[in-house]
Amino acid sequence: MTRLIALSRAMQLRRQFREINKTLELLPPAARRQLAGIALREFTSAAKSEFPHLYATPPEEKYRPWGSGTDIGLERLRSDNLQVRLRGVALWLTVVFHETKDSPFGEQQDLHRQAMRCLRSLKEGVPADDLSRWMIEGAEAA
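Residues numbered from 1 in each chain as written. Predicted model: local features only at pLDDT ≥ 70, side-chain atom pairs only at ≥ 80, totals over all residues. Heavy atoms only, no water.

Participant: Would you mind going over the side chain of Arg9 with me for this structure?
Facilitator: Following the sequence through the fold, Arg9 ends up in helix H1 (residues 2-26). Here Arg9 falls in the buried class, since its relative accessible area comes to 1%. In this structure the side chain of Arg9 is engaged in a polar contact, spanning 3.0 Å, whose partner is the side chain of Thr70. Non-local contacts of Arg9, meaning those with residues more than four positions away in its chain, are made with Trp66, Gly67, Thr70, Glu99 and Gln108. (Helix = DSSP H or I, 4+ residues; strand = E, 2+ residues; numbered from the N terminus. Buried < 20%, exposed > 50% of the residue type's maximum accessible area, 1.4 Å probe, protein only. Polar contact = N/O pair within 3.5 Å; in protein donor to acceptor, adjacent residues only side chain to side chain. Contact = heavy atoms within 4.5 Å.)

What follows is the structure, given as structure tokens:
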């Protein structure tokens, strides 16, 4: 039964990933740099939470098989406002990263690798000075 649930979730996330990836491909370099900073902040916040894979999920939903962070991120992605879209992508990547990180299922491991590739491409598009500054700011906020 667990395998079936994991496969169903992987199919759902793979479908969502196609939309996320298409958005990433269309972003201009300046927006990609902004997204990298937003994603770094989202990862920092998620890492501080008790259950990072449930980041952005309302407390009353914490006993579901998975959280609603990916759905919230996808909803934000469909906004007309660029900042809201960027926050949606960052949230989605953060939650998927944590949700699939230690999964024993191949489909979810593949999604984890895809999320890692997206994050690596964002990181590579940011000048080292900006990345260092963001990391220092993130550490000071913690």
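Participant: Mind showing me how you'd approach the nonpolar core here?
Facilitator: Within soluble globular proteins, side chains that are nonpolar tend to cluster in buried spots. In terms of nonpolar packing, the biggest core is built from 27 residues, with Ile20, Leu24, Leu35, Val89, Trp92 and Leu93 touching the most fellow members. Counting only elements with at least two residues in this core, the list comes to H1, helix H2 (29-48), helix H3 (69-77), helix H4 (82-100) and helix H5 (106-124). Element by element, the count of residues in this core is highest for H4, at 7 residues. For Ile20, the residues in contact, after removing those within four places along its chain, are Leu74, Leu77, Val89 and Trp92. (Core = buried A, V, L, I, M, F, W, Y, C linked by side-chain atoms within 4.5 Å.)

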